[in-house]
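# Structural overview
One-letter residues, chain by chain:
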Amino acid sequence: MASQTLATTEQLVIDGTNGVTRASREGFPESSLSFGIAAVALLAAIVLVRRAPKWLPLVLFAPAALGLFQVFVERGDAPMHRGAAAAPITASIEALEKNAPWPIFPVTVVREEDDVTFPLSRYAVPVRAPVDGGVHLGVIGTSLPLECRPTGYVVICSPKRAPAP
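Attention here is on the structure that accompanies the text. (Residues numbered from 1 in each chain as written. Predicted model: local features only at pLDDT ≥ 70, side-chain atom pairs only at ≥ 80, totals over all residues. Heavy atoms only, no water.)

Each helix and strand counted, the protein chain has six helices and four strands in total. Listing each helix as α and each strand as β along the protein chain from the N terminus yields α-α-α-α-α-β-α-β-β-β. The buried share of the protein chain, taken over its 165 residues, is 27%. (Helix = DSSP H or I, 4+ residues; strand = E, 2+ residues; numbered from the N terminus. Buried < 20%, exposed > 50% of the residue type's maximum accessible area, 1.4 Å probe, protein only.)

Right under this line is the structure:
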């Protein structure tokens, strides 16, 4: 399942719904064209099903069953996987909020990578204007969950280290 779209929490955070269609992270599909095609297909299906034999809807549903299985069972955002997918996000947000309690305490983001941590750090500290005093925060890494550690005058949040054997 690792090569599958939306298989990991990181893919869910970075790609979101665009990951389903493997659309580019930088661009979005033409929504009006997609909506038009879907509307025409729906109308055509309604007309054809009303005139078709009774067994035709079953034949048409059979291929859709595989897609439904992916959506409801296999994908990382499937109902049975949502808890496991949300746990690293929740742990990361809690670590960020504990160490950079914005807006209660001023926070200056001094380092932020444009990867899986970016949406989480934007959620935890949406204001980016430098402030005097407060916490200096660096958020780095490509995997979740994050752990935060004070290093000098900067709190660094990065992927959680594996426990020592």
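Turning our eyes to something else, we now look at a nonpolar patch on the surface. There is a patch of nonpolar side chains on the surface, built from Phe61, Leu68, Val71 and Phe72 and spanning about 360 Å² of accessible area. Relative to the helices and strands, Phe72 is located in helix 4 (residues 56–74). (Patch = residues over 30% accessible without salt bridge, like charges linked within 9 Å, V, L, I, M, F, W, Y side chains within 5 Å. Areas by Shrake-Rupley, 256 points an atom, 1.4 Å probe, with all protein chains shown as cover. Salt bridge = Lys/Arg side-chain N within 4 Å of Asp/Glu carboxyl O.)

Going through the model one piece at a time under the given rule, you end up with one disulfide. Cys148 shares a disulfide with Cys157; S-S distance 1.9 Å. Taking the sign of the S-S torsion, 110° for the link of Cys148 and Cys157, the bridge is right-handed. A single burial state applies to Cys148 and to Cys157, both of which are buried. (Disulfide = S-S within 2.5 Å.)

All right, on to the packing of helix 5 (residues 82–99) against helix 6 (residues 117–124) then. With their axes 10 Å apart at the nearest point, helix 5 and helix 6 run at an angle of 45° to one another. It follows from the interaxial angle that helix 5 and helix 6 lie oblique. In this structure, the crossing between helix 5 and helix 6 has a hand that is right-handed. Between helix 5 and helix 6, the contacting residues are Ile89, Ser92, Ile93, Leu96 and Glu97 on the first element and Leu120, Ser121, Tyr123 and Ala124 on the second. Of the residues in the contact of helix 5 with helix 6, the class split is six nonpolar, two polar and one charged. (Axes fitted to C-alpha atoms, helices over the stretch in contact; angles between N-to-C directions. Parallel < 35°, antiparallel > 145°, perpendicular 65-115°, else oblique. Left-handed = near helix turned anticlockwise from the far one by under 90°. Contact = heavy atoms within 4.5 Å. Nonpolar A, V, L, I, M, F, W, Y, C, P; charged D, E, K, R; others polar.)

This structure, assessed with the given rule, holds four salt bridges. Between Glu113 and Arg111 there is a salt bridge, with its nearest N and O atoms 3.0 Å apart. For Arg111, a relative accessible area of 44% puts it in the partly exposed group. Across the salt bridge formed by Arg122 and Glu112, the nearest N and O atoms sit 3.8 Å from each other. With a gap of 10 residues between them, Arg122 in helix 6 and Glu112 in strand 1 (residues 107–112) connect regions that are remote in the sequence. Exposure remark for Glu112: the relative accessible area of 25% places this residue in the partly exposed category.

Attention now moves to the environment of Lys98. As for its placement among the helices and strands, Lys98 is situated in helix 5. The spatial distance from the C-alpha of Lys98 to the C-alpha of Ala124 is 9.9 Å, given a sequence separation of 26 residues.

On a regular strand, one side chain projects to one face of the sheet and the next to the other, so that they alternate. When strand 1 meets strand 2 (residues 135–139), the two strands line up parallel, connected through five bridges. Directly across from Glu112, in strand 2, lies its bridge partner Val139. (Pairing = 2+ DSSP bridges.)

Time to look at helix 6. The periodicity of an α-helix, 3.6 residues per turn, causes residues three or four positions apart to be oriented the same way. Listed as buried for helix 6 are Thr117, Leu120, Ser121 and Ala124. On an axial view of helix 6, the arc spanned by its buried residues comes to 95°, and they lie on one face. Contact partners of the buried residues in helix 6: helix 5, strand 1, strand 2 and strand 3 (146–151). (Arc of directions from axis to C-beta.)

Remember that the coordinates give geometry; whether it matters functionally is a separate question.
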